[in-house]
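Structural characterization, general
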Amino acid sequence: MKDILMLVIFFVITIYITFKNRNLLKGLTKLQISGVLISYLFTFALAFVCIYYGVNWLAGFFKSIILKLIIKIIVIYIVLAVSVNILNKLTIKITKGIPTKN
């Protein structure tokens, strides 16, 4: 039940953000929109793999639950920070800086 709720929340937030930025999307070509969508999906998949497998692999070296939690938080933060940075650069490059002009 919790998984379904999280999935519904994800789709609601995605639809909300799309409607909120519909004027920005109208200024982009279909190729730019598909490029941004593909880059978001690729970045999401890469971050998921890094967090899921990387965190579990690194945390497996430690016995302490508190140390495992600290390692998990640090790795998740680093992966998300790097992913967002790369995604921002890709989005600006694909759209030729249109999101930064608004």
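Residues numbered from 1 in each chain as written. Predicted model: local features only at pLDDT ≥ 70, side-chain atom pairs only at ≥ 80, totals over all residues. Heavy atoms only, no water.

1. Description of the overall build of the chain
Test applied: Strands are runs of DSSP state E lasting at least two residues, helices are runs of H or I lasting at least four, and both sets are numbered from the N terminus onward. Partly exposed residues are those whose accessible area sits between 20% and 50% of the maximum for their type, while under 20% is buried and over 50% is exposed, using a 1.4 Å probe and protein chains only. The contact criterion used is simple: two residues touch if any of their non-hydrogen atoms lie within 4.5 Å. Only the protein chains shown count as covering a residue, and every accessible area follows the Shrake-Rupley method with a 1.4 Å probe.
Helix and strand counts for the chain come out as five helices and zero strands. When the backbone C-alpha atoms are referred to their principal axes, the chain occupies close to 55 × 35 × 20 Å. A total of 102 residues make up the chain; the buried ones form 17% of that total. In the chain, the proportion of contacts linking residues at least 24 apart, taken out of those at least 6 apart, comes to 66%. Taken as a whole, the chain presents about 8,600 Å² of accessible surface, with 77% of it coming from carbon and sulfur.

2. Quick word on the side chain of Gln32
Among the structural elements, Gln32 can be located in helix H3 (residues 30-59). Assessed through its relative accessible area of 11%, Gln32 is described here as buried. Setting aside its immediate chain neighbours within four residues, Gln32 contacts Gly27, Ile94, Thr95, Lys96 and Ile98.

3. Describing the packing of H3 against helix H4 (residues 65-95)
The cut-off we apply is this: Axis lines are fitted through C-alpha atoms, for helices just across the contact stretch, and the angle between N-to-C directions can take any value from 0 to 180 degrees. Angles are sorted into four bins: roughly parallel if under 35 degrees, roughly antiparallel if over 145, roughly perpendicular if 65 to 115, and oblique for all others. Handedness of each helix crossing follows the sense of rotation of the near helix against the far helix: counterclockwise by less than a right angle gives left-handed, clockwise gives right-handed.
Close contact between H3 and H4 brings their axes to 9 Å; oriented N to C, the two are set at 165°. As judged from the angle between their axes, H3 and H4 are roughly antiparallel. Of the two possible hands of crossing, H3 and H4 adopt the one that is right-handed.

4. A short note on the confidence of the model for the chain
What counts is decided by this rule: Values of pLDDT, which run from 0 to 100, indicate the predictor's confidence residue by residue.
For the chain, the average pLDDT comes to 87, and 96% of its residues sit at 70 or higher. Taken element by element, the predicted model of the chain shows its lowest mean pLDDT in helix H5 (residues 98-101) (66) and its highest in H4 (91).

5. Remarks on the nonpolar core
Within soluble globular proteins, side chains that are nonpolar tend to cluster in buried spots. What counts here: Residues grouped as a nonpolar core are buried Ala, Val, Leu, Ile, Met, Phe, Trp, Tyr and Cys residues, joined through side-chain atoms within 4.5 Å.
If you look at the biggest cluster of nonpolar residues, it comprises five residues: Ala47, Val55, Ile71, Val75 and Val79. For this core, the secondary structure elements donating two or more residues are H3 and H4. The element contributing the most residues to this core is H4, with three residues. If we skip the residues at most four places from it in the chain, Val79 touches Ala47, Cys50 and Ile51.

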